[in-house]
Amino acid sequence: MEHRYARESKCYKTSRVFPTDVNNHNTLFGGKLMAYVDDIASIAASKHCRRSVVTASTDSVDFLHPIRPSDSVCMESYVTWTGNSSMEVFVKIIKEDLLTGERTIAATSFLTFVALDENRKPVAVPDVIPETEEEIKLHETAPHRAEMRRMRRQESKKFAGFLTVKQPWD
């Protein structure tokens, strides 16, 4: 199986925060940011494996600082770790005050994607090689996050077994 450097999957996107993008607190809608995150993460995953990918999970989106209309939002995304057909993708969200130039980590996110073949079946992906201090740290800590994902998925399946699918009027 081939290998790819984390830098080969890196993607960047910068967006302005418009009045229609904010909630009643005058901060960026969380759902809007989550859509940006899934979009850029899917591009990084596809660049890594050069295949179609599907989001398997959004492991976390940690909102650290509000993003306001006076800010731009810059996202950096790359593959940090791979399993057989899955890829962990990290997204770093940086807000920049457009008037002062101050930059702050506003949020972080981890997502998992699965590579698919032409028949929409999972297919093996290349290993990822980290190079920078940040990439190495994320790569080293990824097995712990993968184990937490496995445990959370098992719990979700058990929980789903208790839920009803009946219509309220049934």
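Being a predicted model, the structure only gives us computed values, none of them experimental.

## Focus on the pattern of salt bridges
Inspection of the entire model under this criterion finds 17 salt bridges. Glu147 is the partner of Arg150 in a salt bridge, and the nearest nitrogen-oxygen pair spans 3.2 Å. With Arg150 and Glu147 both in helix α2 (residues 133-160) and three residues apart, the pair spans about one turn of that helix. The class of Arg150 is partly exposed, set by a relative accessible area of 46%. A relative accessible area of 36% places Glu147 in the partly exposed class. Shared partners join several salt bridges into a network, and the residues in it are Lys10, Glu76, Lys92, Glu134 and Glu135.

## Let's talk about the sheet that holds strand β6 (residues 103-116)
With antiparallel pairing, five strands are arranged side by side in an open sheet as β2-β4-β5-β6-β3. Of all strands in the sheet, those with a lone pairing partner are β2 (11-16) and β3 (52-63), marking the two edges. Averaged over all pairs of adjacent strands, the angle between their axes in this sheet comes to 25°, without regard to strand direction. Strand direction decides the pairing type here: β2 and strand β4 (residues 71-82), joined by six bridges, are antiparallel. Bridge pairing in β4 places Thr14 opposite Cys74. Against the sheet, helix α1 (residues 30-49) contacts β2, β3, β4, β5 (86-97) and β6, and its axis sits at roughly 40° relative to β4.

Quick notes on the rules
- Residues numbered from 1 in each chain as written.
- Predicted model: local features only at pLDDT ≥ 70, side-chain atom pairs only at ≥ 80, totals over all residues.
- Heavy atoms only, no water.
- Salt bridge = Lys/Arg side-chain N within 4 Å of Asp/Glu carboxyl O.
- Helix = DSSP H or I, 4+ residues; strand = E, 2+ residues; numbered from the N terminus.
- Buried < 20%, exposed > 50% of the residue type's maximum accessible area, 1.4 Å probe, protein only.
- Pairing = 2+ DSSP bridges.
- Axes fitted to C-alpha atoms, helices over the stretch in contact; angles between N-to-C directions.
- Contact = heavy atoms within 4.5 Å.

Purely spatial values, then, with no claim about function.
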